[in-house]
Amino acid sequence: MNFKKTGSVVVIGGGISGMLSALDLANSGFYVYLVEKGPSIGGVMSQLDKTFPTNDCAM
Amino acid sequence: MADNDTKIVSFLCNWCSYGAADLAGVSRMEYPADIRVIRIPCTGRMSPKFILSAFREGADAVWVSG
Amino acid sequence: MEYPQAVPLKYGINPEVCLKLTKDKCGTCEEVCPANAIDYTQTQETITLDAGAIIFSPGFKPFDPSKFDNYQYVNYPNVITSMEFERILSASGPTMGHVTTFPKLPAKPKKKKDKLLAKKRKSPKRIAWFQCVGSRDMNKCDNPYCSSVCCMYAVKEAVIAKEHAGGDLDCSIFFMDMRTPGKEFEKYYQNAKDKHGINFIRSKVHSVTEDLDTHDLQIRYVDELGQIVTEVYDMIVLSVGLEITPETKELADKLGIEMTANGFCKTDSFEPVATSRDGIYVSGVFNNPKDIPESVLDASAAASAAGDALSEVRDTMTKQVATIPETNVVGERPNIGVFICDCGSNIKGVVDCAHVTEYAKSLPYVTFADENMYACSQDAQDKMVEQIKEKKLNRIVLAACTPKTHEPLFQETLKNAGLNKYLFEMTNIRNHNSWVHKNNPELATQKAKDLVRMAVAKAALAEPLKEEKIDVNASVMVVGGGLAGLTAAKSLATQGYDTHIIEKKDQLGGEALKLFKTAQGEDVGEKVAELIGAIEANEKITVHTDTTLEKVEGFVGNFKSLLKTGDKTCELEHGVAVLATGAKSSEPTEYGFGQDDRIITALGLDKRLKENDTQLDAINSAVFIQCVGSRETDRPYCSRVCCTHSVDNAILLKTRKPSMDVFILYRDIRTYGERELLYKEARELGVIFIRYEVDKKPVVVIEKDKIKISLNDHVLNQPVTLETDLLTLAAAIVPRKDEKLANFFKVPLNDEGFFIEKHAKLGPAEFATAGVFVAGAGHYPKPVNEAITQGRAAASRAATLLSKKDNLFTSGTIANVNVEKCSTCGVCISICPYSAPRFITEGRFEGKADINAVLCKGCGLCVASCRSGALHLRGFDTNQIFSQIFALGEVV
């Protein structure tokens, strides 16, 4: 490829997966734009009560 | 603390119970205002001396949670 | 604001209903907001971002069951979705965690009709869950796939509901196949049945009717014996599936990425997070239905794929923060500054903050106290920096919200003012005070004063703490040369780290070499050969075959391992390790295995398919038996891969020779996600599925010309006998159970011998031991695409550590030893879960304990158990905790 690469990444979606992708990238030297449609991040997981199989709190 | 009040000293683990107490606030639960929280890094940090000392300082109950 | 735990915890305006925005009326919020945060002029802006890669993680929507007329979700108040039930169980939900009927009504209903219904509210006695609502269904909706998560969440909801309601709640789950193929899931299912008494009924309920008066629900279904049963329940929970929204599909179209017929992203088993478009990666449920740990693995894997592609421009866009030199305060008299935050009205609405501020000024060592409307706002922070400098404050106390979210922010503020960040003490007068005592302002103010006094007493004893720099050797050791290990090695080498692969056998590839096709039909042999080629061509990778690990020393950033190849040994220094030792197929001990060549394992059949054995064409009847050695008392887990493997191979046989009779004898078919389509295809091709019970297993009799298998047919409820030429056993996948390796790295194994990861949900590719990562079937049996995802995820997690090699520091709040007092008793060494304390082996203090700052997690266990008082926990030292207790005892 001849064009110059950019050291930043756009992550679309602020659910558990998007948030952790963003964290991994930011912690390994990339600038991250986390884009979320709603007013807050956290996605579906933050609305769950507990998680299987350990019955840990989802928050 | 006024002498006629109940005094509860609670030692809460930073990683679980302290966070749970935070969540109780976020959820706007209500409980009596007799508790004073001391944040500890882990209940592993608890020493019997802390419990005895709290009683000596006039605590009616000590609550260790983690 | 969506819910009380939202991040950011800020209110937004819904422009569709705001009177000011729609009709230019009202405007009350602007008047009452003390922070002047309301700005009606903000509109949608289009921002253009330049980026090197995109990670697409749009998620899903729970299926909307409104259109199902047989379950009457819209009309019956006691028919709810599982997502609604989840909120009911939650302490922060609409019913504060109490399970009640009519949960869809508002807590304090206003409408007359709702008020009447609310009077009928009761604690339910019987709740039913209906599985596969919006999944595995082509009649009522177009979702032929399995949503993968509903079986487990229904079991969980039933267990938790019983926990909330007590023993007399009757919970029944109506299901087609119970799909619990994840790690520790099968045990959870068995416990739900045996210990919690949840009823599991294998049936699809066809209709629900409501009692007009009580609103109880009558259901009709056909039980396993073919009888029609009618039962009454108080509440029905619909276990709704996961669905991709039309908006997501539209956006995916715009991005130009290919999707499957069901709207999930199309990916290759060997590049499971790469979309069809270069530079766009996918993670989460859009990349096939999955649960949280798999989404987490996807997330890290997508980050590693993006990192691979952009490795040469790493660190080009990130910004370096300028550091301010630290003022030395050692030996100075404490000069404490106290800041009281109003948090708008959150604290001030209850606590008399001005009074608390005045009170703070009267406390020992306090030379300054100030009240802030929002201490965390940028202007308040700037002001705080100025005040610290101006008043020469050397200890800071903040009474505000919780340190768990805001301590790091204020520690930054201290750093900006040139103070060591550990000279800070935060006390929580919001979550632990104003929010929970809102009806008792007087006591809340008193409590705030007590808390501030305690914090001041502790802060007076605070000392500046040093964070030790950790030197990280930027090279990697991968143990295991199977798919997961090779993937991790390739990614880390691409990102520029020297990588060593340790393989016990004489060649790379692992168990994948024995596989024929993936569930998506890719040729495994070909792809593995490609991967091995890429590994061997990569200059950054050194492959050590025929090699075993003899010894491992050290800790994160500085491991030293002894490798043994033949009789030669060599030492390898590395910063991190990835354990990818895999698993293997077990040798069956039943169904006549080993007594006849016609009885083989799934891998045996793969071998024959791989070799294109023409004898397979001579076979007229083939039988597969599932769960051979899995889901048994001595091996109580599901091997996850076998259902798909057998279904896939059945299809291959049936396509090869359509006249062949193919039978699969199973307990539950667990073709999760879009693998369900294979199950559907197999049935359409005429593969016959017969279910058996674990206590009535098929009986195999070997005869000269045929193998005879007898079992009870679940549909006919009659014994049947099948005659076959080929019996394939789905043998359990068993771990290597490498205790030696686990001990080397101090990582745990579960009862069956699989590695235990750091966190079942949020840390699935790493261990609690820092710098050690896990990937592949050694963690749990998994198919090709999942092993590769985990390999990539482990690489990504390792890269976050390796790329920080110049600024990785220990925490300041760790234990340290006063050697003068140490009595060499060794209690700290035996009690520490992280192996941080050790005896000094040479020099003046030989025999005394010492703490390895890198390994210490600051839990304080050793400090509490030290008999001679030689151990101290910085930041939470004994005198500091005593000072808090004493401060509490002072009567005001």
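Computed from a prediction, not measured in an experiment: that's the story for all the values here.

**Quick look at the interface of chain C and chain B**
Taken together, the contacts link 44 residues of chain C with 38 residues of chain B. One can count 3 salt bridges joining chain C with chain B. Here C:E407 makes a salt bridge to B:R39, at a shortest N to O gap of 3.1 Å. Taken together, the connections running from chain C to chain B amount to 15 residue pairs in polar contact (both at pLDDT 80 or more). For the side of chain C that touches chain B, the secondary-structure elements that each account for two or more residues are α11 (403-416), α12 (430-434), α13 (441-460), α22 (861-865) and α23 (878-889) of chain C. The leading source of residues in the side of chain C that touches chain B is α23(C), at 8 residues. Broken down by class, the residue content of the side of chain C that touches chain B amounts to 22 nonpolar, 15 polar and 7 charged.

**Considerations on the packing of helix α17 (residues 642-656) of chain C against helix α18 (residues 676-685) of chain C**
All names here are of chain C. The geometry of α17 relative to α18 is characterised by a closest axis approach of 9 Å and an angle of 35 degrees between their N-to-C directions. Judged by the twist between their axes, the crossing of α17 over α18 is left-handed. Counting all contacts with α17, which are made through T644, V647, D648, I651 and K654, the residues of α18 involved are L678, Y679, E681, A682 and L685. The residue makeup of the contact of α17 with α18, split by class, is 6 nonpolar, 1 polar and 3 charged.

**Some words on the interface of chain C and chain A**
The extent of an interface is frequently quoted as the accessible surface area lost upon association of the parts. Each partner contributes to the interface: chain C provides 70 residues, whereas chain A provides 41 residues. Summing both sides of the interface, chain C and chain A together bury roughly 4,600 Å²; the carbon and sulfur share of this comes to 64%. Our count for the contact surface shared by chain C and chain A stands at 2 salt bridges. The partner of A:D24 in a salt bridge is C:R797, and the shortest N-O contact between them spans 2.3 Å. Counting residues per element, the ones that place at least two in the side of chain C that touches chain A are β1 (53-56), α3 (82-89), α5 (150-165), α6 (185-194), α7 (246-255), α8 (292-309) and α20 (784-802) of chain C. Take the side of chain C that touches chain A: its biggest share by element is 11 residues, from α8(C).

**Remarks on the sheet that holds strand β4 (residues 126-133) of chain C**
Residues and elements named next belong to chain C. The 5 strands lie next to each other as β3-β10-β4-β5-β6, forming an open sheet whose pairing is parallel. The strands lining the two open edges of the sheet, one partner per strand, are β3 (79-81) and β6 (199-202). If you compare each strand with its neighbour and ignore which way they point, the axes differ by 25 degrees on average. With 5 bridges connecting them, β4 and strand β10 (residues 235-240) associate as parallel partners.

**What to know about the pairing of strand β28 (residues 688-691) of chain C**
All names here are of chain C. In terms of strand pairing, strand β27 (residues 661-666) meets β28 through 4 bridges, oriented parallel. Bridge pairing links F663 to I688 in β28. Handedness of the β27-α18-β28 crossover: right-handed.

**Here we look at the pattern of salt bridges**
Residue and element names in this part refer to chain C. Under the defined criterion, the tally for this structure stands at 58 salt bridges over all chains. Note that D24 and K20 form a salt bridge whose closest N and O atoms lie 3.4 Å from each other. A network of salt bridges, in which partner residues are shared, links R136, D177, R179, E186, R202, R631, D668, R670 and E676.

**As for the confidence of the model for chain C**
The predicted coordinates of low-pLDDT regions are not to be read in fine detail. Averaged over every residue, the pLDDT of chain C is 93; the share at 70 or more is 98%. Here the predicted complex carries an ipTM of 0.95, next to a pTM of 0.85.

**Digging into unusual backbone geometry**
Residue and element names in this part refer to chain C. The phi dihedral of D24 falls on the positive side, at around 55 degrees, and the residue is not glycine. Positive phi is not limited to glycine here, since Q72 has a value of about 50 degrees. Residue placement: Q72 occurs in the loop between β2 (61-62) and β3.

**Re the pairing of strand β1 (residues 8-12) of chain A**
A large share of β1(A) lies buried, amounting to 5 of its 5 residues. Neither face of β1(A) is open: one carries A:S8, A:V10 and A:I12, the other A:V9 and A:V11, and all of them are buried. Pairing analysis gives 5 bridges linking β1(A) to strand β2 (residues 31-35) of chain A, with the strands arranged parallel. Note that in β2(A) the partner of A:I12 across the bridge is A:V35. Both β1(A) and β1(C) contribute to a ladder of 4 bridges, which runs parallel. For A:V10, the partnering residue across the bridge sits in β1(C) and is C:I54.

Reading guide: rules and limits
Residues numbered from 1 in each chain as written. Chains lettered and ligands numbered in written order. Predicted model: local features only at pLDDT ≥ 70, side-chain atom pairs only at ≥ 80, totals over all residues. Heavy atoms only, no water. Contact = heavy atoms within 4.5 Å. Salt bridge = Lys/Arg side-chain N within 4 Å of Asp/Glu carboxyl O. Polar contact = N/O pair within 3.5 Å; in protein donor to acceptor, adjacent residues only side chain to side chain. Helix = DSSP H or I, 4+ residues; strand = E, 2+ residues; numbered from the N terminus. Nonpolar A, V, L, I, M, F, W, Y, C, P; charged D, E, K, R; others polar. Axes fitted to C-alpha atoms, helices over the stretch in contact; angles between N-to-C directions. Left-handed = near helix turned anticlockwise from the far one by under 90°. Buried area = accessible area lost by both parts, 1.4 Å probe. Pairing = 2+ DSSP bridges. Right-handed = clockwise from strand over helix to strand, strands pointing away. pLDDT = per-residue confidence, 0-100. Buried < 20%, exposed > 50% of the residue type's maximum accessible area, 1.4 Å probe, protein only.

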